[in-house]
Amino acid sequence: MSEPAPYRGRFAPSPTGSLHFGSLLAAFGSWLLARRAGGEWWVRVEDLDPPREVPGAAESQLKTLAAFGLESDGPVLWQSQRHAAYQQALDELLTSGDAFVCHCSRSDLAATGGIHRQCVARRERSDPAIRLRVPDGTVVDFTDGLQGKVSQDVAVVVGDFVLKRADGYWAYQLAVVVDDAAQGVTDVVRGADLLDSTARQILLQRALGLHTPRYLHLPLILDAHGQKLSKSTAALPVDAKDPLPAIRLAWQALGQDIEALTTHQAIKPALAAALTNFDPQALPKVPSIGLAALHNKSTANAD
Ligand code: GLU
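1. Quick notes on the pairing of strand β6 (residues 139-144)
Then, in step 1: Where burial is concerned, the two faces of β6 differ: the one with V140, F142 and D144 is buried and the one with V139, D141 and T143 is not.
Then, in step 2: Judged from the six bridges that link them, β6 and strand β7 (residues 148-153) form a sheet pairing that is antiparallel. Among the inter-strand pairings, F142 is bridged to a residue of β7, identified as V150.
Then, in step 3: In textbook terms, the turn of a hairpin is the stretch between consecutive antiparallel strands, and for β6 and β7 this stretch comprises three residues.

Below, the structure is given as structure tokens:
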């Protein structure tokens, strides 16, 4: 029997559009760290939220990743096929009393800024949500591989959080925890916009008796207005037909020496050089980087 991988990383895009530069950075960063550790890198399609999804986006993202030489070592898992696993986890949490049915509406929770601390529903709904109970004083501490020590009082900052939405869809927090465990992920490397979700995921792992992977959150790339690129109309297009400029910019955003990637004319040798030259210590230990700073740096380097 083969030994389980000592390191298994993953990249888990939501198919809400074509692959943008911010996603490429998370993909490339997680791939570099996995390969550097001699580990595997798996891709998961987080197609859980049909109202936000764009038809064909998942296929297009996978094709773009392949054009960048970033291909899953294991079978690609599609969250839309995983209802039974999420239901099983939810049933477990309902049985243990960690989860509860909640009839509160958005307006019921307006007085507490949308944070649920106790049920204040004024009427029964036909479509209640299911939440995880987060008792007072639930503080989660963890050490992020890049951002350092993090502490979140989940009861105060988040409150009882949704596992199954009132519209019937599964919440990201539940699905991500169930799937990271099912896929044997040892290392979660992703954008710093999800740093804030990590404490919730750790709480869920504890409630479900699952192992907590290591976490590392890469800096988010912000546009000139300080917006996350994916939300911005100016999101840098990632061109599958011409991957080198985007991979070089991502390499720089990861704090790496641009000289190492300047001469290659094809993506495979560029990736091989990236692996040889990758220095995890140089990853920027910051939650965000302005795109303008990157452009300035590459202009300065070109001189
Ligand atoms: N699907 C999430 C996103 O695209 C990422 C989930 C994760 O990496 O945990 O933002």
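2. Quick look at the nonpolar core
Then, in step 1: By size, the foremost hydrophobic cluster in this structure holds 46 residues, and its most contacted members are L24, F28, L70, I221 and W251.
Then, in step 2: At the level of secondary structure, the elements contributing two or more residues to this core comprise α1 (21-36), β2 (40-45), β10 (214-218), α7 (243-253), α8 (267-277) and α9 (291-302).
Then, in step 3: With ten residues, α1 is the single largest residue contributor to this core.
Then, in step 4: With sequence-adjacent residues up to four places away left out, W251 is seen in contact with F28, L32, Q256, D257, I258, A260, L261, A274, N277 and F278.
Then, in step 5: Counting residues in each nonpolar core, the second largest holds 33 residues, with A85, L90, L93 and L163 among its members.

3. Observations concerning the site of the ligand
Then, in step 1: Surveying the vicinity of the ligand reveals the residues R10, A12, P13, S14, E46, Y172, V176, R190 and L194.
Then, in step 2: Here R10 contributes a side-chain N or O atom positioned 2.6 Å from an oxygen atom of the ligand.
Then, in step 3: Between the ligand and Y172, the relevant distance is 2.8 Å, taken from an oxygen atom to a side-chain nitrogen or oxygen of the residue.
Then, in step 4: Surface burial for the ligand is 79%, taken as the share of its 300 Å² of free accessible area covered by protein chains.
Then, in step 5: Looking at side-chain class alone, the shell around the ligand contains five nonpolar, one polar and three charged residues.

4. Observations regarding the sheet that holds strand β8 (residues 161-164)
Then, in step 1: Strand order across the open sheet formed by three strands is β4-β5-β8, with antiparallel pairing between neighbours. Since the sheet does not close on itself, it has two edges, and those belong to β4 (99-102) and β8, each with one partner. When the angles between neighbouring strand axes are averaged without regard to direction, this sheet yields 45°.
Then, in step 2: With four bridges joining them, β4 and strand β5 (residues 129-132) adopt antiparallel strand pairing. If you follow C102 over to β5, its bridge partner there is A129.
Then, in step 3: In the packing of helix α3 (residues 83-96) onto the sheet, the strands contacted are β4, β5 and β8, and the crossing angle to β8 comes to about 130°.
Then, in step 4: Its contacts with the sheet put helix α6 (residues 195-208) on β5 and β8, and the angle it makes with β8 is roughly 60°.

5. As for the environment of S126
Then, in step 1: As for its position among the elements, S126 is in the loop between β4 and β5.
Then, in step 2: For the pair S126 and Y172, spaced 46 residues apart in sequence, the C-alpha separation works out to 22 Å.

Criteria and cut-off values
As a convention, each chain's residues are numbered from 1 in the sequence order in which they are written. At least 70 in pLDDT is required for a residue's local features to be given in this predicted model, at least 80 for side-chain atom pairs to be given and counted, and no such filter applies to totals for whole chains, interfaces and linings, which use all residues. Hydrogens are left out, water is left out, and the side-chain values use all remaining heavy atoms of the structure. Accessible area is worked out with a 1.4 Å probe on protein chains only. A residue is then buried under 20% of its type maximum, exposed over 50%, and partly exposed in between. Starting at the N terminus, helices and strands are each numbered in turn, a helix being any DSSP run of H or I of at least four residues and a strand any DSSP run of E of at least two. We call two strands paired when DSSP finds no fewer than two bridges between them. For our purposes a nonpolar core is just a set of buried Ala, Val, Leu, Ile, Met, Phe, Trp, Tyr and Cys residues, chained together by side-chain atoms within 4.5 Å. Contacts between residues were defined by any pair of non-hydrogen atoms, one from each residue, lying within 4.5 Å. Working definition: residue near molecule or strand if any one of its non-hydrogen atoms lies within 4 Å of it. By the criterion applied in these results, polar contacts are pairs of N or O atoms within 3.5 Å in which, for protein atoms, one can donate a hydrogen and the other can accept it, and in which residues neighboring in sequence qualify only through two side-chain atoms. Accessible areas in this description were obtained via Shrake-Rupley with a 1.4 Å probe; residue shielding takes into account the shown protein chains only. For this classification, the nonpolar set comprises Ala, Val, Leu, Ile, Met, Phe, Trp, Tyr, Cys and Pro, the charged set comprises Asp, Glu, Lys and Arg, and every other residue, Gly included, is treated as polar. For helices, the axis comes from a line fit to the C-alpha atoms of the stretch in contact; other axes are also lines fit to C-alpha atoms, and the angle between any two N-to-C directions lies between 0 and 180 degrees.

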